[in-house]
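If you want the building blocks of each chain, they are given just below.
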Amino acid sequence: MNESSYVYVCAAFSAIGGLLFGYDIGVISGILTMSHFREKFPSGPAKEGSIVSSLLAGCFFGALVSGYFADKIGRKFSILGASMVFIVGSVLQATATTFIQLYFGRVVAGVSIGILSMIVPLYQSEISPKEIRGRLISFQQWSITIGFAISFWINYATEKFDSSAQWRIPLWIQNVPALILAFGMPFLPFSPRWLVHSDRDEEAITVLAKLRAGGDRTAVAVQKEYTEIKDNVRFEREFAAKNYSELVKRGPENIRRRVLLGIFIQIFQQLNGINAIMFYAPQIYNNAGIDLSTGINGFVNILATIPAILWVDRWGRRPTLISGSIIMGASMLVIGSILAINGTKYFDSSLGKNFIKLDNKASSLAVIIFIYIFVAGFAYSWGPTRWIYPAEIYPLRIRGKAMSITTAFNWLFNFVLGQIVPILLNSITWGIIMAISVHIFYPETKGNSLEEMDSIFSNIHPNNISISRQHYPPSPLNSESINIGQQRENFRDLESGIPEEEEEEIYLST
């Protein structure tokens, strides 16, 4: 397939939404320890936790409502609107003079991030050709890591200022990518699948032509994909429900199973220890006497995400997740063992927190090395794939709603683990549990179009059932959509039963 470079531009530009989240989390974790911020907002662990968790609360709410906006006004305008909301939240934070204003700004920014964290991967999946869909969705995670790394160096530079500019400048700077996203999104195309679903077929063909064939509306690849999408939309309108209750129903398409797989991939990526590592890493770096290790950690995160961008569509989702789980589990085992043997807990009265101090520099350096290995294992596997997999597996009619629930669970567990992350540092078995769960429950999705996912998750597979019906003869252009159409008929038969008087036969192949 001869993809247009235009699709890369669209996927990469929309990924700026991920950069906002990475930058915001990195900035706030840095300014909480800045002297002028603590002078303006004196706080202990409880208030510091509330400053962070107020963003996560907004993210949770934003993710829940994002499904409605994704379907109502489309993926493109939802991203545009969310970027504008983020600017409002960012200005409120940067100009904050009271805790109330700071909290409110955090919540507003969080709503924006929650919406973007769902809709950006959704948009990327719907504009991508199936051969490189994983690569393009990986831009989301890559931009998160870039935002996190940039935030460290900006904090590092402004920390030397002897005024409130020390923390206000980093908060003002996060408006820059938000403004770029807001001004640039009007020039990006709508999702072709949303256009077909909205009965804007001519626009959909035009968009597909730009994304797939350099603007050639008559290209075979364009017509084939349009026919496949159109066939899918027709079936869903005739046969399927569209409300949230469908997410908990099993049915022939196994929607409930898909939703649970999406939820648990988000839960597992929170339980894999990345939060525990990030929680203790800065203190361990300080104990080792290496001030810039956090910045180096950011570069490791960025570089280790590149293999996913290049090869996740070749490796597949399952091998990527399983190998990453094993690397992270082994690294966590080593880190936990070193901390248990050579670490000493102590209480920092100035910060009101418990920390772990390693008894010698060799232990600290060993832990730092395995932190980098752990981060690299996460960066190429669970980091990007947690966005890729849920964006692929849902039918179009409920894709926005299902992804909003899936992403909301990510933010919910992010919030919960923020409260109990010290305990999880001792939980070294999650890597193995995750690897086994992926092996047993998660089917491979690489190389399949979004419309072909029913073949993977449904109770009926087109290779196992053939139906003799009176159909129009398939043309070379839409032979793939005819196979999908036969499967849709199978779903209909399972749901409603086949009348005995109807003259048709079903043959089960062996």
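As the structure is a computational prediction, the values presented were derived from the model and not from experiment.

Student: I keep staring at the nonpolar core and nothing clicks. Help me out?
Tutor: Side chains of nonpolar character tend, in soluble globular proteins, to be buried together. Formed by 100 residues in total, the largest nonpolar core has its most connected members in Ile79, Ile113, Leu116, Val259, Trp382 and Trp411. Here this core gets 11 residues from one element, more than from any other, and that element is helix H6 (residues 99-127). Residues from two domains meet in this core; each of domain 1 (1-188) and domain 2 (251-455) gives at least three. The contacts of isoleucine 79, once residues within four sequence positions are left out, are Ser14, Leu116, Ile119, Val120, Tyr123, Leu181 and Met185. Ranked by size, the runner-up nonpolar core spans 16 residues in total, among them Phe37, Ile51, Phe99 and Leu171.

Student: I tried to follow the packing of helix H5 (residues 74-94) against helix H8 (residues 165-173) on my own but got confused; where do I start?
Tutor: Across the interface, H5 lies against H8 with an axial gap of 9 Å and an inter-helix angle of 175°. Relative to H8, the element H5 lies roughly antiparallel. Of the residues in H8, those touching H5 at Ser90, Val91, Gln93 and Ala94 are Trp167, Arg168, Leu171 and Trp172. A breakdown of the residues in the contact of H5 with H8 according to their chemical character gives five nonpolar, two polar and one charged.

Student: What is the right way to look at the pattern of salt bridges in this model?
Tutor: If charged atoms from side chains of opposite charge come close, those side chains can pair. Under the definition given, this model contains 19 salt bridges. We note a salt bridge from glutamate 236 to arginine 397, for which the minimum N-O separation is 3.2 Å. One end of the pair, glutamate 236, is in helix H12 (residues 220-239); the other, arginine 397, is in helix H19 (residues 396-424), and 161 residues separate them in sequence. In this structure arginine 397 comes out as buried when scored by relative accessible area, which is 3%. With a shortest N-O distance of 2.4 Å, arginine 317 and glutamate 392 are connected by a salt bridge. On the criterion of sequence distance, the pair formed by arginine 317 in helix H16 (residues 317-342) and glutamate 392 in helix H18 (residues 382-392) is long-range, its members being 75 residues apart. Neither residue differs from the other here; arginine 317 and glutamate 392 are each classed as buried. Among the charged side chains, a network of salt bridges with common partners joins Asp71, Arg75, Glu126, Arg399 and Lys401.

Cut-offs used in this document
- Residues numbered from 1 in each chain as written.
- Predicted model: local features only at pLDDT ≥ 70, side-chain atom pairs only at ≥ 80, totals over all residues.
- Heavy atoms only, no water.
- Core = buried A, V, L, I, M, F, W, Y, C linked by side-chain atoms within 4.5 Å.
- Buried < 20%, exposed > 50% of the residue type's maximum accessible area, 1.4 Å probe, protein only.
- Helix = DSSP H or I, 4+ residues; strand = E, 2+ residues; numbered from the N terminus.
- Domains from an automatic or database assignment.
- Contact = heavy atoms within 4.5 Å.
- Axes fitted to C-alpha atoms, helices over the stretch in contact; angles between N-to-C directions.
- Parallel < 35°, antiparallel > 145°, perpendicular 65-115°, else oblique.
- Nonpolar A, V, L, I, M, F, W, Y, C, P; charged D, E, K, R; others polar.
- Salt bridge = Lys/Arg side-chain N within 4 Å of Asp/Glu carboxyl O.

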